[in-house]
Amino acid sequence: MAKRSRQMSLREAFGGVQMERLMRMLKGLTACVALVSAFALTTLTTYANTSVSIKLAVDNGFYLFATNPNTNQLVLVGQGYDFNAVFNFNFITVPYSYIYLMARDDGVAALFTAKTVFDNGAETVITGVSSSTWFDWEVNTIYKLQSAFSADPNAVLNWGGDWHAPAVGNLANSIAGQFPVYGNFTDGERFIWAPPGGGSQICFEGYTGAGTALFRLRVLPEPASMLALGAGLAGLAVLRRRKK
């Protein structure tokens, strides 16, 4: 009987040692997965850029800025100075960065309207229409003089102020009878401007006056970046739990 008890004790001890080794191996494997996931997060979010297609109109002129993926610097990607025209731009930029639009109004009325498409339809942002899946256009709290209008990216970076929701006016195609080019906006795009707005004649609550506004829109991450983000966050959470 004693011999049988000793044999059972040895088996239990041996089983405990094997279980301990197995647990150590699993912990090591978990740490490796976490590190690989964290690496995926930093690598894919760095190199998977986002394509942008934007259709816009501004009264009166604008400069459009985005981050160059090759230099990681803010650069000018488009410009225009014609109220009675619709402009289209296509470019590649960095996920989670910002697209900026500096708009100048020369008086009487002011507006900015746009349809922005990320990654060939992965997400679409319409001015003046709230999105439940992505960020909307914002406008800076500082409304500057017309002389602040500049194609220099540093003017954007040093603008100051904070960001809030813009004032929203009428549907962009509501003036297509007088200005036919605005009939190109068929997806519910509305006019936006710095509060109180671009004038009662296009259904804003007020008119901010002639000057320069700065708008921004957050860039959607490319789908591979979103997968990497999820994997990376999961991996980092495992590492943190294991460290505790």
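What counts and how
- For every chain, the first residue of its written sequence is number 1, and the numbers climb from 1 along that sequence.
- Owing to the predicted nature of the model, reporting of local features is limited to residues with pLDDT of at least 70; listing and counting of side-chain atom pairs is limited to 80 or more, with chain, interface and lining totals taken over all residues.
- Excluding hydrogens and water, the side-chain figures rest on all heavy atoms present in the structure.
- What makes a salt bridge here is a side-chain nitrogen of Lys or Arg within 4 Å of a carboxyl oxygen of Asp or Glu, nothing more.
- Residue exposure (1.4 Å probe, protein chains only): buried if accessible area is under 20% of the type maximum, exposed if over 50%, otherwise partly exposed.
- We count a stretch as a helix when DSSP gives it H or I for four or more residues in a row; a strand needs E for two or more, and each element gets its number in order from the N terminus.
- Note on aromatic contacts: the rings of Phe and Tyr and the six-membered ring of Trp form a pair at centre separations within 6.5 Å, being stacked when their planes are under 30 degrees apart, edge-to-face when over 60 apart, and tilted otherwise.
- Distance and angle both matter: a charge sits over a ring if NZ of Lys or CZ of Arg is within 6 Å of the ring centre and within 35 degrees of the ring normal.
- Among the buried residues, those of types Ala, Val, Leu, Ile, Met, Phe, Trp, Tyr and Cys that are joined through side-chain atoms within 4.5 Å form a nonpolar core.
- By the convention used here, residues are in contact when the closest approach between their heavy atoms is within 4.5 Å.
- Scored between 0 and 100, pLDDT is the confidence that the predictor attaches to each residue.
- By the counting scheme adopted, Arg and Lys are positive, Glu and Asp are negative, and His together with the chain ends is not counted.
- Under this definition, polar contacts are N or O atom pairs within 3.5 Å; protein pairs additionally need one hydrogen-donor-capable and one acceptor-capable atom, and for neighbouring residues in sequence, both atoms have to be side-chain atoms.
- When DSSP locates at least two bridges between a pair of strands, those strands are taken to pair.

Novice: I tried to follow the pattern of salt bridges on my own but got confused; where do I start?
Specialist: Note on pairing: side chains with opposite charge can pair once their charged atoms come close. Scanning the entire structure with this criterion turns up three salt bridges. Where Asp 106 meets Arg 104, a salt bridge forms, and the shortest distance between an N and an O atom there is 2.8 Å. The exposure class assigned to Asp 106 is partly exposed, which follows from its relative accessible area of 36%. Glu 138 is the partner of Arg 216 in a salt bridge, and the nearest nitrogen-oxygen pair spans 2.8 Å. Of this pair, Arg 216 sits in strand β12 (residues 211-218) while Glu 138 sits in strand β8 (residues 138-140); the two residues are 78 residues apart in sequence, bridging distant segments of the chain. Residue class for Glu 138 comes out partly exposed when judged on its relative accessible area of 25%.

Novice: What am I meant to see in the packing of aromatic side chains here?
Specialist: Aromatic rings in a pair are described by how distant their centres are and how their planes are angled relative to each other. Under the criterion given, the structure shown has 16 aromatic pairs. With centroids separated by 5.1 Å and ring planes inclined at 75°, the aromatic side chains of Phe 62 and Phe 87 adopt a geometry described as edge-to-face. Residue Phe 62 is located in strand β2 (residues 61-68), and its partner Phe 87 is located in strand β4 (residues 87-93); the two are separated by 25 residues in the primary sequence. Accessibility classification places Phe 62 together with Phe 87 in one group, the buried group. Each member of the aromatic cluster is reached from another via a ring pair, and the members are Phe 83, Phe 179, Tyr 182, Phe 185 and Phe 191. The side chain of Lys 144 reaches across the aromatic face of Trp 159, ending 4.4 Å from its centre. Sitting above the plane of the Tyr 98 ring, Arg 216 keeps its charged end 4.1 Å from the centroid.

Novice: Would you explain the nonpolar core in this entry?
Specialist: Generally speaking, a soluble globular protein has its nonpolar side chains buried in company with each other. In terms of nonpolar packing, the biggest core is built from 41 residues, with Leu 56, Leu 101, Phe 112, Trp 137 and Phe 215 touching the most fellow members. Sorting the residues of this core by element identifies β1 (50-59), β2, β4, β5 (98-105), β6 (111-118), β11 (190-193) and β12 as the ones contributing at least two each. By residue number, the principal contributor to this core is β1, which donates five residues. Apart from residues lying up to four places away in sequence, Phe 112 is in contact with Leu 56, Ala 57, Val 58, Leu 101, Thr 127, Trp 137, Arg 190, Phe 191, Ile 192, Trp 193 and Phe 215. By size, the runner-up hydrophobic cluster in this structure holds 10 residues, among which are Tyr 63, Val 156, Trp 163 and Leu 214.

Novice: I tried to follow the confidence of the model for the chain on my own but got confused; where do I start?
Specialist: A low pLDDT score tells you not to read the predicted coordinates there in detail. Residues of the chain with pLDDT of at least 70 account for 71%, and the chain-wide mean is 84. Contacts of residues 30-46 to residues separated by more than four positions or lying in other chains number 25 contacts, the stretch itself having pLDDT below 50. Within the model, pLDDT remains below 50 along residues 224-229, and this stretch shows 14 contacts once partners closer than five positions in the same chain are excluded.

Novice: Sorry if this is basic, but what is going on with the side chain of Lys 55 here?
Specialist: Inspection of the secondary structure puts Lys 55 in strand β1. Of the buried charged residues, Lys 55 lacks a salt bridge, with Glu 189 as the closest side chain of opposite charge at 4.3 Å. One polar contact links the side chain of Lys 55 to the main-chain carbonyl oxygen of Asn 184, over a distance of 2.8 Å.

Novice: Is there a simple way to explain the side chain of Asn 140 in this structure?
Specialist: Note that Asn 140 resides in strand β8. Only 3.5 Å separates the side chain of Asn 140 from the side chain of Trp 159, close enough to count as a polar contact. There is a polar contact of 2.9 Å between the side chain of Asn 140 and the backbone oxygen of Gly 160. If sequence neighbours within four positions are ignored, Asn 140 has contacts with Trp 159, Gly 160, Gly 161, Asp 162, Trp 163, His 164 and Leu 214.

Novice: Please clarify how the pairing of β2 should be interpreted in this entry.
Specialist: On a regular strand, one side chain projects to one face of the sheet and the next to the other, so that they alternate. Within β2, seven of the eight residues are buried, which leaves it mostly tucked inside the rest of the structure. Examined bridge by bridge, β2 and β5 share five bridges and lie antiparallel to one another. Bridge assignment links Gly 61 to a residue of β5, and that residue is Arg 104. Across seven bridges, the pairing between β2 and strand β3 (residues 73-80) is antiparallel. Bridging across to β3, Thr 67 finds its partner in Leu 74. Between β2 and β3, which follow one another and run antiparallel, lie four residues, and Asn 72 among them has a positive phi close to 60°.

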